[in-house]
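Tertiary structure, described
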Amino acid sequence: MTTFDLDALVVEETSRGSALVERLVGALGASIPVTHVSDAREATRAMLGADPLGAGKRRLVVRKRRAPFLMGCPAGSAQFACCGYLVLILASNCPMDCSYCFLQEHVANNPAFQVYSNFRDAFEEMDRLAHSAPGRHFRVGTGELADSLALDSVTKLSVDLIEFVRKREHLTLEFKTKTDEIENLLKLDPRGRAMVSWTLSPDAVWQSSEHRTASPSARIAAARAVLDGGYRVGFHFDPMIAYEGAERDYLQLVDQLLSAIPARRISLLSMGALRMTPGLRSAARRRFPTDPMLLGEEVLGSDGRLRAFGALRIRLYRALQERFERAGARIPSYLCMESRAVHERVFGVAPANPATIGERLALG
Ligand code: SF4
């Protein structure tokens, strides 16, 4: 099991006495100081210094979320063939520290590691969405601005989420993680409504770039355990990094995955190349100056992001896609933040209606 070091628990007054604070104080209160503040922004402002994001990862702030919990995936754009994903923001920042993580830019001005005590409001938002679009099936993920399960052993939010979603036929809830924190999941029957997906990277990327995450082998073992526990499983090869030897390493990783989990038991695959705005790349290289994975040659795309050359990306995508095809099952798959033309080169056809992954999962 992954464990994370926290230095402090900071509770905004509006969250005092909430169920989430009770759980956190019960689990952590004996080992770290608990302070109360009238405005959680104070806790963020206090994190100056050379690496505010790194400091933010060690200080857990509980407050009420004032903005909506549910939103369209921030990676979505008319430029890309998108998958129709919705994200539920239950936390911001993450105790792990991947050198390529987009949070280094995205939460740079608000780097506190935050969880929201009014998380039950998110359930009302999901019910309102369902009532507004009867007959539609939605795929909602919790791992956008934080890892879905990184703190689940102490927040136990997965229990609330599964109890909510397992009564709702129109929803598939996706936990996205790089941990093996699955103890709470294994205690519950999700009744087919929950999927757990792992980002998978070869050992070379894990060792150089994915600090404090579970090893790729541990992620695959955790996936097998939740599959046996009644969950669907999915895998994201994202970001794929085009380093020397990458194709060999990614194919070995696919073989390792398929030896643990047959292709027909995999509900979802995605692939996406490492992509960074110039601002993110500068921040990442500043924080991780010796990481070789951040030094690849890249071209600037029309969306303002740097990626490996198109031919290299397509070669990697196709190699993985062919390996999965040879495994003999048609797994719902998509590319993240790539054009329809790239989809066509990889899958042979562009997705007919890319925003239908949710529907396809409902049938799968
Ligand atoms: S696990 Fe995900 S959210 Fe956490 S640091 Fe790595 S990429 Fe960022």
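Predicted model, so just to flag it, every value in this text is computed and none were measured. All residue numbers refer to positions counted from 1 along the written sequence of the respective chain. Where local features are concerned, this predicted model is filtered to residues with pLDDT of at least 70; where side-chain atom pairs are given and counted, the filter is 80 or more; whole-chain, interface and lining totals use all residues. Each side-chain value is derived from all of the structure's non-hydrogen atoms; neither hydrogens nor water enter the calculation.

**Structural notes on the pattern of salt bridges**
In the sections that follow, a salt bridge refers to a side-chain nitrogen of Lys or Arg positioned within 4 Å of a carboxyl oxygen of Asp or Glu. What the rule picks out here adds up to 22 salt bridges. With its nearest N and O atoms 2.9 Å apart, the salt bridge here joins Arg287 to Asp51. Linking Arg287 in helix H12 (residues 278-287) with Asp51 in the loop between helix H2 (41-45) and helix H3 (52-56), this pair joins segments that are 236 residues apart in sequence. Here Asp97 and Arg287 are joined by a salt bridge, their closest N and O atoms 2.8 Å apart. Of this pair, Asp97 sits in strand E7 (residues 97-98) while Arg287 sits in helix H12, and the two are 190 residues apart along the sequence. Within the structure, one salt-bridge network assembled from shared partners comprises Asp51, Lys57, Asp97 and Arg287. Strands are runs of DSSP state E lasting at least 2 residues, helices are runs of H or I lasting at least 4, and numbering of each runs from the N terminus.

**Some words on helix H5 (residues 120-132)**
In this model H5 runs 19 Å from its N-terminal to its C-terminal C-alpha over 13 residues, within 8% of the 18 Å that 1.5 Å per residue would give. For every residue, the accessible area (1.4 Å probe, protein chains only) is compared with the maximum for its type, and the residue is labelled buried under 20%, exposed over 50%, or partly exposed between those bounds. When H5 is considered as a whole, its buried residues turn out to be Ala122, Phe123, Glu125, Met126 and Ala130. The arc enclosing the buried residues of H5, seen along the axis, measures out at 160 degrees, which places them on a common side. Exposed and facing more than 90 degrees away from the buried side of H5 are Arg128, His131 and Ser132. The secondary structure elements touched by the buried residues of H5 are strand E4 (70-72), strand E5 (86-88), strand E9 (138-141), helix H7 (157-165) and strand E10 (171-177). In this analysis, the expected span of each helix is defined as 1.5 Å times one less than the number of residues it contains. To obtain the arc, one takes the directions from the helix axis to the C-beta atoms. Contact between two residues is taken to exist if any of their heavy atoms lie within 4.5 Å; hydrogens are not considered.

**Focus: the environment of Asn93**
By the secondary structure assignment, Asn93 is in the loop between strand E6 (91-92) and E7. By relative accessible area, Asn93 is classed as buried at 0%. Between the C-alpha atoms of Asn93 and Val196, which are 103 residues apart in sequence, the distance is 19 Å. Excluding residues within four positions of it along the chain, Asn93 makes contact with Leu53, Gly56, Lys57, Leu103, Pro111, Ala112, Phe113, Leu145 and Ala146. For this analysis, a polar contact is any N or O atom pair within 3.5 Å, provided that within protein one partner can donate a hydrogen and the other can accept it, and provided that sequence-adjacent residues contribute only side-chain to side-chain pairs. A distance of 2.7 Å separates a polar side-chain atom of Asn93 from the backbone oxygen of Pro111.

**Considerations on the packing of helix H13 (residues 310-326) against helix H14 (residues 340-347)**
The geometry of H13 relative to H14 is characterised by a closest axis approach of 9 Å and an angle of 40 degrees between their N-to-C directions. By the angle between their directions, the pair H13 and H14 is classed as oblique. Regarding H13 and H14, the two cross each other, and that crossing is right-handed. Contacts from Ile314, Tyr317, Arg318 and Gln321 in H13 reach Val342, Arg345, Val346 and Phe347 in H14. Interaxial angles span 0 to 180 degrees and are taken between N-to-C directions of axes, which are lines fitted to C-alpha atoms, for helices over the stretch in contact. Between 65 and 115 degrees an angle is taken as roughly perpendicular, under 35 as roughly parallel, over 145 as roughly antiparallel, and anywhere else as oblique. Here is the rule for handedness: rotate from the far helix to the near one, and if that takes an anticlockwise turn smaller than a right angle the crossing is left-handed, while a clockwise turn gives right-handed.

**Quick notes on the sheet that holds strand E3 (residues 59-63)**
In spatial order, the strands read E2-E1-E3-E8-E6; together these 5 strands make up an open sheet with mixed pairing. In the strand order of this sheet, the two ends are held by strand E2 (34-37) and E6, each with one partner. Pairs of strands are assigned from DSSP output, requiring at least two bridges between the strands. Note that strand E1 (residues 8-12) and E3 share 4 bridges and pair parallel. In the strand pairing of E3, Leu9 is matched with Leu60. Relative to the sheet, helix H1 (residues 19-28) contacts E1, E2, E3 and strand E8 (113-116), its axis offset from that of E3 by approximately 155 degrees.

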